[in-house]
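# Chains, contacts and geometry: an overview
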Amino acid sequence: MDSGLRSKLEEAVDIAASRVKNLVESYPDFFPMYTEDGKWEHGGEAWTNWCEGFLGGQLWLLYRHTGSSYWREKAEHYSRLIEDRKNDDTVHDLGFLFLPTWRRWYEETGDQELQEVLIQAGRTLSTRFQEPGGYLCSFLGPKSLFIDIMMNVPIIFYAARETGDENLWNVALQHSLTTRRYLVRGDGSTVHEGIFDTDTGQFLRESTRQGWRGDSAWARGQGWALYGFGSVYSYTGQRRFLETARQCADYYIENTPPHGVPPNDWDEPEPDQPYESSAAAIAAAGMLRLSRLVDNTAQSEGYRRYALHVLNTLTEPEFLPTETTEWEGVLKHGIYHQDKGLGVDESTMWGDYFFLDALIEALHSDSEENGE
Ligand code: GLY
């Protein structure tokens, strides 16, 4: 990457570090989800509890980037605070909770007790499996399958691989195949939610919670899909999952305005907000990984170049609180739940997490390429 972009990305990491430090010092042990007028603490509805791994995840990323004991101590602390969630069978988000946190902690140490927590989280998530339809159901209940779960199913693959448990492996594989069959369309766009008949397992219809319509293309779901199917390819080595990840990535690229940041839903006519920046951050992070997974050099370079282009846009003053120091989040112009009016045109915990993930991945892979 050119030196101008490198400095922009480094500066963005510094901004993220100062915002995360401010958050953990000003609101100890608090797990925010989205800002209101740029402030993390407010009484806004959560809708569901799925974000508690993203703060610890940012702390682990900052530790990886700097090697500083300050970040390490905070990262362990915020990971420990969510340990009990390994038994939480009320949500479908245990990958979001434990992969950014305990997985990184385990990788740092190789400590078996840390790995047990990851395995337990994978086992707990697997209990959401619905035999008739062959999928892990969303927090909304047995008939509902979300595209978001593609980001969480890797923790079941992980637990299955580490324990050699074939049943667990088959649950994760079946879920991925069902999602690929019903939630990824022929043009590479994705469905947010599939509704199934719980007795027969028959797929009934497309639906959405955070997108515009059941048959439309919700941008964040597209990010979850392109990143998630890429991860599933990493675990399984099955090329069909890589092809699906690529189809989803290509849809994103073909349908997003030239600056690289989509609206909340590509199909909504004249949306109030032009940007859903968290979807762009997830897509950039996912495409950087995809660029390592594809073996065709031109394709690999294409995904990397596009991801860097998105990061170039997201590091413009429009998206970062460079001037507006009162703003407590990092990445501006995200959207949580447009229909409910939650976190609209705000910073979000997952947007900040995947933004930092993409920034650090881009900087480190660039240093590796340059032999540094
Ligand atoms: N619940 C996951 C999301 O809002 O994308």
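This report concerns the structure included in the present document. Keep in mind that what you see is a predicted model, and the values were worked out from it rather than measured.

What counts, and where the lines are drawn
Residues numbered from 1 in each chain as written. Predicted model: local features only at pLDDT ≥ 70, side-chain atom pairs only at ≥ 80, totals over all residues. Heavy atoms only, no water. Helix = DSSP H or I, 4+ residues; strand = E, 2+ residues; numbered from the N terminus. Rg over C-alpha atoms; globule rule 2.2 N^0.38 Å. Areas by Shrake-Rupley, 256 points an atom, 1.4 Å probe, with all protein chains shown as cover. Lys, Arg positive; Asp, Glu negative; His and termini not counted. Charge placed at Lys NZ, Arg CZ, Asp CG, Glu CD. 1 Å grid on protein atoms, 1.4 Å probe; cavity = no way out; pocket = protein on both sides within 12 Å on 5 of 7 lines; lining within 4 Å. Points joined across faces, edges and corners; volume = space filled by probe spheres on them. Nonpolar A, V, L, I, M, F, W, Y, C, P; charged D, E, K, R; others polar. Near = heavy atom within 4 Å. Polar contact = N/O pair within 3.5 Å; in protein donor to acceptor, adjacent residues only side chain to side chain. Sits in = over half its atoms within 2 Å of the grid points. Pairing = 2+ DSSP bridges. Axes fitted to C-alpha atoms, helices over the stretch in contact; angles between N-to-C directions. Phe/Tyr/Trp six-rings, centres within 6.5 Å; stacked < 30°, edge-to-face > 60°. Lys NZ or Arg CZ within 6 Å of the ring centre and 35° of its normal. Left-handed = near helix turned anticlockwise from the far one by under 90°. Contact = heavy atoms within 4.5 Å. Core = buried A, V, L, I, M, F, W, Y, C linked by side-chain atoms within 4.5 Å. Buried < 20%, exposed > 50% of the residue type's maximum accessible area, 1.4 Å probe, protein only. Salt bridge = Lys/Arg side-chain N within 4 Å of Asp/Glu carboxyl O. Disulfide = S-S within 2.5 Å.

Of the regular secondary structure elements, the protein holds 13 helices and 7 strands. For 372 residues, the compact-globule estimate of 2.2 N^0.38 gives 21 Å, and the protein sits close to it at 19 Å. With respect to the principal axes defined by its C-alpha atoms, the protein has extents near 55 × 50 × 50 Å. Summed over all atoms, the accessible surface of the protein reaches about 14500 Å², with 42% contributed by carbon and sulfur. Counting 33 positive and 60 negative side-chain charges, the protein places the centres of these two groups 4 Å from one another.

Take empty space enclosed by the protein next. All chains considered together, the criterion is met by 1 cavity of 30 Å³ or more. In this model, the largest cavity occupies a volume close to 100 Å³. As for the largest cavity, its lining consists of Trp47, Thr48, Trp50, His92, Asp93, Phe96, Phe139, Phe146, Asp148, Gln210, Arg220 and Tyr336. By residue class, the composition of the lining of the largest cavity is 6 nonpolar, 3 polar and 3 charged.

A separate point is the site of the ligand. Looking at the ligand, the residues that line it are Trp50, Asp148, Gln210, Trp218, Arg220, Trp224 and Tyr336. In this structure, an oxygen atom belonging to the ligand sits 2.7 Å away from a side-chain N or O atom of Gln210. In the model, an oxygen atom of the ligand is placed 2.9 Å from a nitrogen or oxygen of the Trp224 side chain. Protein chains bury 99% of the 200 Å² of accessible surface belonging to the ligand in isolation. With respect to the pocket detection grid, the ligand is positioned in the largest cavity.

Attention now moves to the sheet that holds strand S4 (residues 193–196). The sheet built from 3 strands is open, its strands ordered S3-S4-S5 with antiparallel pairing. In the strand order of this sheet, the two ends are held by strand S3 (144–146) and strand S5 (203–207), each with one partner. If you compare each strand with its neighbour and ignore which way they point, the axes differ by 25° on average. Across 4 bridges, the pairing between S4 and S5 is antiparallel. Across the sheet, the residue bridging to Gly194 is Glu206, located in S5.

What follows concerns the packing of aromatic side chains. By the definition in use, this model includes 35 aromatic pairs. One Lys or Arg, Lys21, reaches over the ring of Tyr70 and ends 5.0 Å from the middle of that ring. Sitting over the ring of Trp327, Lys332 keeps its end group 5.3 Å from the ring centre.

With that settled, consider the packing of helix H11 (residues 277–293) against helix H13 (residues 349–369). Between H11 and H13, whose axes approach to 8 Å, the crossing angle comes to 30°. With respect to the hand of their crossing, H11 and H13 are arranged in left-handed fashion. Here H11 contributes Ser278, Ala281, Ile282, Ala284, Ala285, Leu288, Arg289 and Arg292 to the contact with H13, which in turn contributes Trp350, Gly351, Phe354, Phe355, Asp357, Ala358, Glu361, Ala362, Ser365 and Glu368.

Now for the nonpolar core. Of all hydrophobic cores here, the largest spans 124 residues; its most connected members are Trp350, Phe354 and Phe355. The element contributing the most residues to this core is H13, with 11 residues. Not counting the four nearest positions on each side in its chain, Trp350 is found in contact with Met33, Trp50, Cys51, Phe54, Arg220, Trp224, Ser278, Ile282, Ile335 and Tyr336.

What follows covers the pattern of salt bridges. Enumeration over the complete set of coordinates arrives at 22 salt bridges. Note that Glu243 is salt-bridged to Arg246, the shortest N-O span being 3.8 Å. Taken together, the residues Glu243 and Arg246, both in helix H10 (residues 239–255) and 3 residues apart, mark about one turn of the helix. Two residues, Arg289 and Asp357, come together in a salt bridge whose shortest N-O distance is 3.1 Å. Within this pair, whereas Arg289 is found in helix H11, its partner Asp357 is found in helix H13, the two being separated by 68 residues in sequence. One network of salt bridges, with partners in common, ties together Glu52, Arg85 and Asp88.

Another aspect to go through is the state of the cysteines. Joining two cysteines, a disulfide is a covalent bond between their sulfur atoms. Counted under the stated rule, the structure contains 0 disulfides. The thiol of Cys51 is unpaired, and the distance to the nearest cysteine sulfur, on Cys137, comes to 19 Å. Taking relative accessible area as the criterion, Cys51 reaches 2% and is therefore assigned buried.

As a further point, take the layout of surface pockets. If you add up the space inside the largest pocket, you get close to 960 Å³. Surrounding the largest pocket, 34 residues form its lining, Arg103, Arg104, Glu107, Tyr227 and Arg289 being those nearest its centre. Counting residues per element, the ones that place at least two in the lining of the largest pocket are helix H2 (52–66), helix H4 (94–98), helix H5 (102–109), helix H7 (154–163), helix H9 (219–236), H11 and H13. Sort the elements by how many residues they give to the lining of the largest pocket and H9 lands first, with 7 residues. One number sums up the size of the second largest pocket: a volume of about 270 Å³. Taken together, 14 residues make up the lining of the second largest pocket; nearest its centre are Ser291, Glu301, Arg304, Ser365 and Glu369. Mapped onto the lining of the second largest pocket, the elements with two or more residues apiece are H11, helix H12 (297–314) and H13.

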